[in-house]
Amino acid sequence: MAVLGSKLCSRSLLAHIFLLGVACGVGVASEAEDDPFVREMLPFFAKYCTDCHSEDYAESGVDLSIVTTLPEAQKHPARWNQVRGMIELGAMPPADHDPLPTADERLAMARRLDELVNRVDCGTNPGPGRVTMRRLNRVEYDNTIRDLLHVEFKPSEIVGLPSDDVGNGFDNQGEVLGVSPLLMEKYLNAAAAITERAIVFDRQPLRDQRVGGESLKIGAQVTQKFWMADGEYELFFRADFGKEHVREKAEVEFLVDGKVVGTTLVGRKLREHTMTFQSEAGRRTVGMRFSLDPLGPKPEDWRHWVWIDYFGIRGPKNGLPAYPASHSKLIIATPGDGLSTREAATRVFENFLPRAYRRAVEPIEVQRLVDLVVATVEQGESYERGIALGVQAALASPHFLFRVETTGVADPSIASIDSSGIESVGNYELASRLSYFLGATMPDDELLRAAGDGRLADEKELQQQVARLLAKPDADTLVTRFVAQWLGLTALEQLSPSPEEFPLWNTKLASALQEETFRLCRWVLEEDRSLLDLFDADFTFINPRLAELYGVEFNGQDPHQLFVEGPGQPTNRERRARRPTRGADYQHENEWIRVPAMPGRRGVMTHGSVLAI
């Protein structure tokens, strides 16, 4: 614990975690004469223990004579902690043994055994243990598919991937992430579902794209992003206002990339409204906003809502529809203009496969998938269908589903195995460890380039990569997943305390309590603060809901002044009487401010989230 006395900066610590992991993986066992286990432990065992715990007389199956060096003892810490406990408690050697160690001898030996077996000194390069091949868990799988194929759906939800087992509270423990026949079948189904959505086999349906709508209160909007080509498009939606109860018409604005490009009036009859606009190639955000209520602003009254059945785009008027990024960034070459099917497919998979496998690949690995494409086309199927089958094969490969760490020419960055039989972590493996730890997703192109160039073994480069990855939106996963599982905050979703004892409790309060803890952890990372600040921070973050819970003001206002009044909302009298407020809403619900810690509270261990658990 002495290291906690110094400032542990979060970013530098994250980088050092990986450097120490590499450093600990290279070393040679100490010579016997320099082995503290030989010098200090074995004489004690010979004097007090091996009469009953040796090869010929191993009582309870405990044979202390078979371990003769510290590295051997460190391979079985559980057994030696059991031995340490028996010595410390005075249970062994038994009271009738002659001779018996003194109480001071017992205590000194127990402490020394604890130091030798449980404390890892990377300066001595002990054996790091074996590495279990880690299967991607559900979150990592979804995120990897998202970043690999540029899609926005979650395949785990589409095919119903089963929940991951948990080890020591975490769902990314390699030892518990097995693959059953049922799960393998799910992965095959997921691969087919992914390619059906990511690859465009027929371009014509892209001329008319639509999504479901929703009910809009005054001032609300609904939007969707679409890939468009240069040309004239039609923006359309089907809606009504007030249904049969009103005759007046509401004003609705057409939006393109957040700008108003037109307006229309929506009445009680459900019908389609359209307008045309010129688009530039790229991803455009279109939608509509309920801008004017002829009946007056009464957002809680459903008769004042515009109900949008669906909306979307048609076009372009002249020319071909644009491919989505999932298609255009995957199929970077097609047969034609002197390019054969084999040559085009080779270009596709030379680009795709290193990203899918997260390492350099062998030519034979590419050619296997190219042969599959060629055979598919020769059987009369389209080139796109052939590419889809090749992608499915890659997504069902252990090299994609697992984070494989193995020596081979596919990764020239891996160092040779040293004389102790310990292999250092290669650059590609290090890139995957870093990316999945910080963002629960595959390494991005820049990180893969750094791995391919062998630069990740340099501490300065590693520090820079950590800082860069922490600045990405994906890094929030480190907070929301690691912290939530470390502190057990996911259990908040299942809590259901007595409404009479805890009238403020509801799902929104549970989410707010989680967010308070997440925000403090984000602050420690973003400000590169000492990890000790997690436990003794003299401030916290609150929104109006937490202000009421903690009994403090929010921006100088009593939280009761921020209650949203209207149908279905508790009255102020009910709230002040602390009756159940499960339906209560607040103004500025999503606004968070930093405030001094309340009396008796300091750091995450006094947060309401942790105390509730």
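Computed from a predicted structure; not experimentally measured. All chains use their own residue numbering, which begins from 1 and follows the written sequence. Whole-chain, interface and lining totals are the exception, using all residues; otherwise, since this is a predicted model, local features are given only for residues with pLDDT of at least 70 and side-chain atom pairs are given and counted only at 80 or more. Remark: hydrogens and water are excluded; side-chain values derive from all non-hydrogen atoms of the structure.

J.: Sorry, what's going on with the overall build of the protein chain here?
T.: Here a strand is any run of E in DSSP of at least two residues, a helix any run of H or I of at least four, and the numbering for each starts at the N terminus. Check the secondary structure of the protein chain and you find 22 helices and 13 strands. We call two residues in contact whenever any of their non-hydrogen atoms come within 4.5 Å of each other. Sequence separation of at least 24 residues holds for 72% of the intrachain contacts in the protein chain that already meet a minimum separation of 6.

J.: Mind showing me how you'd approach the pattern of salt bridges here?
T.: Here the idea is simple: oppositely charged side chains can pair when their charged atoms come close. We define a salt bridge as a contact between a side-chain nitrogen of Lys or Arg and a carboxyl oxygen of Asp or Glu at a distance within 4 Å. Counted under the stated rule, the structure contains 27 salt bridges. One salt bridge in this structure joins Glu272 and Arg314, with 3.0 Å as the shortest N-O distance. Note that Glu272 is positioned in strand 8 (residues 271-279) and Arg314 in strand 10 (residues 306-314), a separation of 42 residues in sequence. One continuous salt-bridge network, built from bridges that share partners, spans Asp208, Arg210, Glu234, Glu272 and Arg314.

J.: Can you help me understand unusual backbone geometry in this one?
T.: As a rule of thumb, non-glycine residues mostly have phi less than zero, and peptide bonds are mostly trans rather than cis. Pro316 follows Gly315 through a cis peptide bond whose omega is 5°. Within the secondary structure layout, Pro316 lies in the loop between strand 10 and helix 9 (325-328). Of note in this structure, His150 is not a glycine but carries a positive phi near 60°. Residue position: His150 is located in the loop between helix 6 (138-149) and helix 7 (155-159). Despite not being glycine, Asp257 has its phi angle at roughly 55°, a positive value. Inspection of the secondary structure puts Asp257 in the loop between strand 6 (250-256) and strand 7 (259-266). Residue exposure (1.4 Å probe, protein chains only): buried if accessible area is under 20% of the type maximum, exposed if over 50%, otherwise partly exposed. Asp257 gets classed as partly exposed once you look at its relative accessible area, which sits at 38%.

J.: I'm lost on the pairing of strand 7 in this one. Help?
T.: In summary, the side chains of a regular strand alternate between the two faces of the sheet. One bridge is not enough; two strands pair if DSSP finds at least two bridges between them. Inspection of the sheet shows strand 6 paired to strand 7 by seven bridges, in the antiparallel sense. Across the sheet, Glu253 pairs through a bridge with Thr263, a residue of strand 7. As consecutive antiparallel partners, strand 6 and strand 7 are separated by two residues, and within that stretch Asp257 has a phi angle of approximately 55°, a positive value.

J.: Mind showing me how you'd approach the packing of aromatic side chains here?
T.: By convention here, two paired aromatic rings are described through the distance between centres and the angle between planes. Centres within 6.5 Å are what make two rings of Phe, Tyr or Trp a pair, Trp counting through its six-membered ring; a difference in plane orientation under 30 degrees is then read as stacked, over 60 as edge-to-face, and the rest as tilted. Tallied over the entire structure, the rule returns twelve aromatic pairs. One aromatic cluster is present, built from ring pairs that chain together Phe170, Phe482, Trp486 and Phe535. Its end group placed over the ring of Phe153, Arg197 keeps NZ or CZ at 5.9 Å from the ring centre. Taking NZ or CZ as reference, Arg203 lies 4.1 Å from the ring centre of Tyr323, over its face. Any Lys NZ or Arg CZ that is within 6 Å of a ring centre and within 35 degrees of that ring's normal is treated as a charge sitting over the ring.

J.: Even after reading the chapter, I still don't get the nonpolar core, so can you show me in this structure?
T.: Nonpolar side chains in soluble globular proteins tend to end up buried together. Counting 51 residues, the largest nonpolar core has Leu434, Leu438, Leu456, Leu470, Ile542 and Leu546 as its most contacted members. Contributions of two or more residues to this core are made by helix 14 (427-439), helix 15 (445-452), helix 16 (459-470), helix 17 (476-487), helix 18 (507-526), strand 12 (539-542), helix 20 (544-550) and strand 13 (593-596). When residues of this core are assigned to their parent elements, the largest contribution, ten residues, is made by helix 18. The residues contacting Leu456, other than those within four sequence positions of it, are Asn427, Leu430, Ala431, Leu447, Ala450, Ala451, Glu461, Leu462 and Gln465. Here the nonpolar core consists of buried residues drawn from Ala, Val, Leu, Ile, Met, Phe, Trp, Tyr and Cys, with membership extended through side-chain atoms lying within 4.5 Å.

J.: Got a minute to help me understand the side chain of Thr376 in this structure?
T.: Structurally, the position occupied by Thr376 is in helix 11 (residues 363-378). Beyond its immediate sequence surroundings of up to four residues, Thr376 is in contact with Glu381, Arg385, Gly386 and Leu389.

J.: Would you mind showing me how to read the sheet that holds strand 4 (residues 221-228) here?
T.: Two pairing modes exist for strands in a sheet, parallel and antiparallel, and in both the strands are linked by backbone hydrogen bonds. The sheet built from four strands is open, its strands ordered 4-9-6-7 with antiparallel pairing. This sheet does not close on itself; its edge strands, each paired only once, are strand 4 and strand 7. Taking each pair of neighbouring strands and ignoring which way they run, the sheet shows an average axis angle of 20°. In the sheet, strand 4 pairs with strand 9 (residues 282-292) via eight bridges, with the strands oriented antiparallel. Its bridge partner lying in strand 9, Trp227 is registered against Arg283. Note on method: axes are straight lines fitted to C-alpha atoms, helices fitted across the in-contact stretch only, with angles between N-to-C directions ranging 0 to 180 degrees.

J.: I'm lost on the packing of helix 8 (residues 181-198) against helix 12 (residues 383-395) in this one. Help?
T.: In helix packing, the relevant descriptors are the interaxial angle and the interaxial distance, both defined with respect to the helix axes. At a minimum axis separation of 9 Å, helix 8 and helix 12 run at an interaxial angle of 140°. The pairing of helix 8 with helix 12 is recorded here as oblique in orientation. Between helix 8 and helix 12 lies a crossing of right-handed hand. Of helix 12, the residues touching helix 8 (which contributes Ala191, Ala192, Ile194, Thr195 and Glu196) are Arg385, Ala388, Val391, Gln392 and Leu395. All residues other than Ala, Val, Leu, Ile, Met, Phe, Trp, Tyr, Cys, Pro, Asp, Glu, Lys and Arg, Gly among them, are scored as polar; the first ten of these are nonpolar and the last four charged. Along the lines of polarity and charge, the residues of the contact of helix 8 with helix 12 split into six nonpolar, two polar and two charged. Orientation labels follow simple angle bins: below 35 degrees gives roughly parallel, above 145 gives roughly antiparallel, 65 to 115 gives roughly perpendicular, and whatever is left gives oblique. Left-handed describes a crossing whose near helix is turned anticlockwise from the far helix through less than a right angle; right-handed describes the clockwise counterpart.

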